[in-house]
Amino acid sequence: MATTEKASAKATPRDRLLDAAARLSYRDGVSVGVEALCRAAGVSKRSMYQLFDSKDAMLAASLERRIPGYEDRLAHPDPGSATPRERILYVFEQLALTSRDADFHGCPYLAVLVELKDPEHPASVVARGVKERLAARLRAEAEQGGARDPELLARQLVLVFDGASARAGAGVERLDDGLVTATVTALLDAGGVH
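Asker: For the overall build of the protein, give the residues involved together with the corresponding values.
Answerer: Across its full length, the protein carries 10 helices and zero strands. In the protein, the succession of α and β elements from N to C terminus is α-α-α-α-α-α-α-α-α-α. In terms of overall dimensions, the protein has C-alpha extents of about 55 × 40 × 35 Å along its principal axes. Split by element, the accessible area of the protein, about 10400 Å² in all, is 54% carbon and sulfur. With 26 positive and 28 negative side-chain charges, the protein shows a spacing of 5 Å between the two charge centroids.

Asker: Describe in detail the packing of aromatic side chains, supporting the description with residues and values.
Answerer: With the rule as written, the count across this model stands at two aromatic pairs. Look at Tyr70 and Tyr109: their rings are 4.9 Å apart centre to centre, the planes differ by 70°, and that puts the pair in the edge-to-face class. Separated by 39 residues along the polypeptide, Tyr70 in helix H5 (residues 55-74) and Tyr109 in helix H7 (residues 108-116) bring together distant segments of the chain. For Tyr70, a relative accessible area of 7% puts it in the buried group. On the numbers, 5.9 Å between centres and 75° between planes, the contact of Phe92 with Phe161 is edge-to-face. With Phe92 in helix H6 (residues 84-98) and Phe161 in helix H9 (residues 150-169), this residue pair connects regions lying 69 residues apart in the sequence. Judged by relative accessible area, Phe92 falls into the buried class, the value being 0%. A relative accessible area of 2% means that Phe161 is categorised as buried.

Asker: Any details on helix H3 (residues 34-41)? Residues and values, ideally.
Answerer: Owing to its 3.6 residues per turn, the α-helix aligns residues three or four sequence positions apart on the same side. All buried positions along H3 are accounted for by Val34, Leu37, Cys38 and Ala41. Seen along its axis, H3 keeps its buried residues to an arc of 95°; they face one direction. Lining the buried residues of H3 we find helix H2 (13-28), helix H4 (45-51) and H5. Of the residues trailing H3, Gly42 is marked for its positive phi of about 70°.

Asker: Can you explain the pattern of salt bridges? Please cite residues and give values.
Answerer: Two side chains bearing opposite charge may form a pair once their charged atoms approach each other closely. Applying the stated criterion to the full structure yields 12 salt bridges. Its salt-bridge partner being Lys45, residue Glu35 comes within 3.2 Å of it at the nearest N-O pair. Residue Glu35 is found in helix H3, and its partner Lys45 is found in helix H4; the two are separated by 10 residues along the sequence. Glu173 serves as the salt-bridge partner of Arg167, at 3.3 Å between the closest nitrogen and oxygen. Since its relative accessible area comes to 42%, Arg167 is described here as partly exposed. Overall, Glu173 belongs to the partly exposed group, its relative accessible area being 28%. Each of Asp15, Asp19 and Arg65 takes part in salt bridges that share partners, so that together they form one network.

Asker: Give me the lowdown on the nonpolar core, citing residues and values where you can.
Answerer: Within the largest apolar cluster, 40 residues are counted, with the highest numbers of intra-cluster contacts made by Phe92, Leu157, Phe161 and Val184. Counting only elements with at least two residues in this core, the list comes to H5, H6, H7, helix H8 (122-144), H9 and helix H10 (179-191). Discounting residues that sit within four places of it in the chain, Val184 has contacts with Ile88, Leu89, Phe92, Leu157 and Val160. Counting 15 residues, the second-largest nonpolar core is a separate cluster that includes Ala21, Cys38, Val43 and Met48.

Asker: Pulling in residues and values, what's your account of the packing of H5 against H7?
Answerer: Taken N-terminus to C-terminus, the directions of H5 and H7 make an angle of 145°; their axes are 11 Å apart at the nearest point. Here Leu63, Arg66, Ile67 and Tyr70 of H5 come into contact with H7, specifically with Pro108, Tyr109 and Val112. Here the residues of the contact of H5 with H7 sort into six nonpolar, no polar and one charged.

Asker: Can you lay out the packing of H2 against H3 for me, pointing to particular residues and giving the numbers?
Answerer: With their axes 8 Å apart at the nearest point, H2 and H3 run at an angle of 120° to one another. Between H2 and H3, the crossing angle belongs to the class labelled oblique. For the crossing formed where H2 meets H3, the hand is right-handed. Contact with H2, carried on its side by Arg16, Leu17, Ala20, Ala21, Arg23 and Leu24, involves Ala36, Leu37, Cys38, Ala40 and Ala41 of H3 and no other residues of that element.

Conventions we followed
- Residues numbered from 1 in each chain as written.
- Predicted model: local features only at pLDDT ≥ 70, side-chain atom pairs only at ≥ 80, totals over all residues.
- Heavy atoms only, no water.
- Helix = DSSP H or I, 4+ residues; strand = E, 2+ residues; numbered from the N terminus.
- Areas by Shrake-Rupley, 256 points an atom, 1.4 Å probe, with all protein chains shown as cover.
- Lys, Arg positive; Asp, Glu negative; His and termini not counted.
- Charge placed at Lys NZ, Arg CZ, Asp CG, Glu CD.
- Phe/Tyr/Trp six-rings, centres within 6.5 Å; stacked < 30°, edge-to-face > 60°.
- Buried < 20%, exposed > 50% of the residue type's maximum accessible area, 1.4 Å probe, protein only.
- Arc of directions from axis to C-beta.
- Contact = heavy atoms within 4.5 Å.
- Salt bridge = Lys/Arg side-chain N within 4 Å of Asp/Glu carboxyl O.
- Core = buried A, V, L, I, M, F, W, Y, C linked by side-chain atoms within 4.5 Å.
- Axes fitted to C-alpha atoms, helices over the stretch in contact; angles between N-to-C directions.
- Nonpolar A, V, L, I, M, F, W, Y, C, P; charged D, E, K, R; others polar.
- Parallel < 35°, antiparallel > 145°, perpendicular 65-115°, else oblique.
- Left-handed = near helix turned anticlockwise from the far one by under 90°.

This is how it looks when you write it as structure tokens:
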């Protein structure tokens, strides 16, 4: 038995459901059916409903569970020695790097917000929180870097992040040619971030 199969066999039904929800909703969208989720997790529907009130609650829990990895991936590995400008650019370098993965479909949190369209949906609440934290983080970095208007710059940077992520996820844009970092560099220059 392969190592991943052993780890999967040891995972609890709840963990298997959350993993399946993460994988399938990212690949196929949030409309993926309960049957497919349960089949992929090797868990009965009855067990799923004992663990979660609804598919919506399971999807929200799956998104919540992935936040630390998502945010860690965008965080500079040596934030103490990096400048605010370097920390901002690192976010976009990671986006460009991640976009090269064969199974990249864009930002999973943006995708949920676009697909669901319901701001009160439990998964939308989680996704919106992630996007708001990213904007706040970019704003704080912009402010620390001396931006003339940190709020405006943060909004511009989030637009670039989400737009680049969505276009690359849809397969209509490549991010490995430096355009994203060149765009962000121009915004940082124009905004006065050093």
